[in-house]
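Overview (structure and organization)
Given next are the chains, with one letter for each unit.
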Amino acid sequence: MQLYNKLSADERAKLIDQAGEKRLTISFYQYHHIGNPHIFRDTLFIAWNDLDVLGRTYVSDEGINAQISVPATKFNAFKTHLDTILFLEGVRLNIAIEQDNKSFLKLKIKVRKKIVADGLNDETFDVTDIGIHLKAKEFNELIAKENTILVDMRNHYESEIGHFEGAITPDVDTFRDSLDIIEEDLKEHKEDKNLVMYCTGGIRCEKASAYYKHKGFKNVFQLEGGIIEYVRQVKEEELENKFKGKNFVFDERRSERVSDDVISVCHQCGETCDEHANCANQACHLLFIQCETCQTKMNDCCSNECKDIHELPEDAQKELRKGKNKSNKIFKKGRSEALKFKI
Ligand SMILES: [Zn+2]
Ligand SMILES: [Zn+2]
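Being a predicted model, the structure only gives us computed values, none of them experimental. (Residues numbered from 1 in each chain as written. Chains lettered and ligands numbered in written order. Predicted model: local features only at pLDDT ≥ 70, side-chain atom pairs only at ≥ 80, totals over all residues. Heavy atoms only, no water.)

1. Topic: unusual backbone geometry
Selection rule: Here a strand is any run of E in DSSP of at least two residues, a helix any run of H or I of at least four, and the numbering for each starts at the N terminus. Only protein chains enter the accessibility calculation, which uses a 1.4 Å probe; a residue is then buried when its area is under 20% of its type maximum, exposed when over 50%, and partly exposed in between.
Phi at H285 is positive, roughly 65 degrees, even though this residue is not glycine. Relative to the elements of secondary structure, H285 occurs in the loop between β13 (276–278) and β14 (287–289). A relative accessible area of 17% places H285 in the buried class. Here the phi dihedral of N299 falls at roughly 50 degrees; this positive angle occurs in a residue that is not glycine. Assignment of secondary structure puts N299 in the loop between α9 (292–297) and α10 (304–310). What makes N299 partly exposed here is its relative accessible area of 28%.

Next comes the structure, spelled out in structure tokens:
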């Protein structure tokens, strides 16, 4: 029985091209107590592999968090399959606004301790005592009120390229950091203001809203389904779109454009730009914003130092990387002295 990927990303990309069929990029999550996450994981893998599902999914004893792509022709079969799993029956599927057939190239389902790395100790509060869910229309109404504080629960590299007008966007690298900063900033207003929060797909706000209620906030609200679902409802109901710029997403597409506003700048030259790139030096891989001019000038790198390394023969680069602890450097997100225009 096959329980793991056999194809490489390149082989998969070729297959997708050959098949020429449309794929849908989908995300969903559900908090639920799962008795044996390992068995659940294997069951999912077999079913999803059959349905040509690709993507990254975390399963834990607290639930499931999935970012996947499904062939459009198999979407109904996929939904039917989910409905056979009791706690996923009718689960809300966030369907991406902009589709890319290659948003994911492998099926990875991993058992983790938590479905979102939140750095929180669950025993200290009731994670099911969450805030009030808001639909797009209610959200627009509430954030227009004077006694509402709107908070972006995402990290700096996400909110930088797009966020709601008037939102507080904490300059943080992790979810855990933002919880503390926001609590400190708003401690005077636990009872008299509406605390409204949002994130990409809603999952981080589930935890955050329960956390703030536990910390004594009285009026806690969250955008149901996050930015992804908000955009869908805004289009469908022809509401005013209050999100400016791009929505950062965690797949190969990196982001999807919501409004035409470009709210960030190239981290190297300061020109208006909202395209993320990863530094081409394999030992760096820094995520940052880079315009096309800088991309050419810097040969896809974040600094002259990285450019020099990147332009060495592959063998010499490997030699340089040898014995170095890569985990700190690879996938570090958007902070470097070399980036003059990173705010
Ligand atoms: Zn530039
Ligand atoms: Zn670099």
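2. Some details on the coordination of the zinc ion (ligand 2)
The textbook angles at a metal center are 109.5 degrees for a tetrahedron of four donors and 90 or 180 degrees for an octahedron of six. Inclusion rule: Donor atoms are limited to N, O and S found within 2.8 Å of the metal ion, a distance that becomes 3.2 Å for Na, K and Ca. With water left out, some sites might look partial.
Only C279 (SG), C284 (SG), C302 (SG) and C306 (SG) from the protein coordinate the zinc ion (ligand 2), and they sit 2.3 to 2.4 Å from it. All donor residues of the zinc ion (ligand 2) come from one chain, and their arrangement in sequence is C-x4-C-x17-C-x3-C. Placement of C284 in the loop between β13 and β14 and of C306 in helix α10 is noted, with a sequence separation of 22 residues between them. Each member of the pair, C284 as well as C306, is classed as buried.

3. A closer look at helix α4 (residues 136–143)
Because each turn of an α-helix spans 3.6 residues, side chains separated by three or four positions end up pointing in the same direction. As a reminder, the rule being used: Here, two residues are considered to be in contact whenever any of their heavy atoms come within 4.5 Å of each other.
All of the buried residues along α4 are A136, F139, N140, L142 and I143. Against β6 (132–134), β7 (148–152), β8 (162–164), β9 (194–198), β10 (220–223) and α8 (226–237) lie the buried residues of α4.

4. A short note on the environment of F104
Mapped onto the elements, F104 comes out in the loop between β4 (94–95) and β5 (107–111). The spacing of F104 and L320 is 216 residues in sequence and 30 Å in space, taken between C-alpha atoms.

5. Looking at the coordination of the zinc ion (ligand 1)
We apply this condition: Only two sets of limits are used to name each site, 85 to 135 degrees for every angle of a tetrahedral four-donor site, and over 155 degrees for opposite donors with all other angles from 65 to 115 for a square planar four-donor or octahedral six-donor site, with any other site named irregular.
For the zinc ion (ligand 1), every protein donor is listed as C266 (SG), C269 (SG), C291 (SG) and C294 (SG), and the spread of their distances is 2.3 Å. Classification of the site at the zinc ion (ligand 1) rests on its 4 donor atoms, whose angles at the metal span 104 to 116 degrees, yielding the label tetrahedral. Sequence positions of the residues that donate to the zinc ion (ligand 1) give the spacing C-x2-C-x21-C-x2-C. Residue C266 is located in the loop between β12 (255–257) and β13, and its partner C294 is located in helix α9; the two are separated by 28 residues in the primary sequence. Of the residues examined, C266 reaches a relative accessible area of 0% and is grouped as buried.

6. Describing the pairing of strand β2 (residues 54–60)
Keep this limit in mind: The criterion for strand pairing is that DSSP finds at least two bridges linking the strands in question.
Within β2, 6 of the 7 residues are buried, which leaves it mostly tucked inside the rest of the structure. Across 7 bridges, β2 lies against strand β3 (residues 63–71) in antiparallel orientation. Along β3, the bridge assignment pairs R56 with Q67. With 5 bridges connecting them, β2 and β5 associate as parallel partners. Across the sheet, the residue bridging to T57 is I109, located in β5.

7. Section: the packing of helix α6 (residues 175–185) against helix α7 (residues 203–214)
Defined as follows: Lines fitted to C-alpha atoms define the axes, with helix axes restricted to the stretch in contact, and inter-axis angles between N-to-C directions lie between 0 and 180 degrees. In this scheme, a crossing is called left-handed if the near helix is turned counterclockwise away from the far one by less than a right angle; it is called right-handed if the turn is clockwise. For this scheme, ten residues count as nonpolar: Ala, Val, Leu, Ile, Met, Phe, Trp, Tyr, Cys and Pro. Four count as charged, namely Asp, Glu, Lys and Arg, and the remainder, Gly too, count as polar.
Two elements in contact, α6 and α7, have axes whose closest approach is 11 Å; the angle formed by their N-to-C orientations is 35 degrees. As α6 runs across α7, the sense of the crossing is right-handed. Counting all contacts with α6, which are made through F175, R176, S178, L179, D180, I182 and E183, the residues of α7 involved are R204, K207, A208, Y211 and Y212. Grouping the constituent residues of the contact of α6 with α7 by class yields 6 nonpolar, 1 polar and 5 charged.

8. Focus: the sheet that holds β3
One open sheet accounts for 5 strands, arranged β4-β1-β3-β2-β5; its pairing is mixed. Two strands in the sheet have a free side with no partner beyond their single neighbour: β4 and β5.

9. Considerations on the sheet that holds strand β11 (residues 243–248)
Read across the open sheet, the 3 strands follow the order β8-β11-β12; overall the sheet is antiparallel. Sheet topology places β8 and β12 at the edges, where each strand pairs with a single neighbour. Geometrically, the sheet is characterised by an average inter-axis angle of 40 degrees between neighbouring strands, direction not taken into account. When β11 meets β12, the two strands line up antiparallel, connected through 3 bridges. Bridge pairing in β12 links K246 to R257. With respect to the sheet, α8 is in contact with β8, β11 and β12, its orientation differing from that of β11 by roughly 130 degrees.

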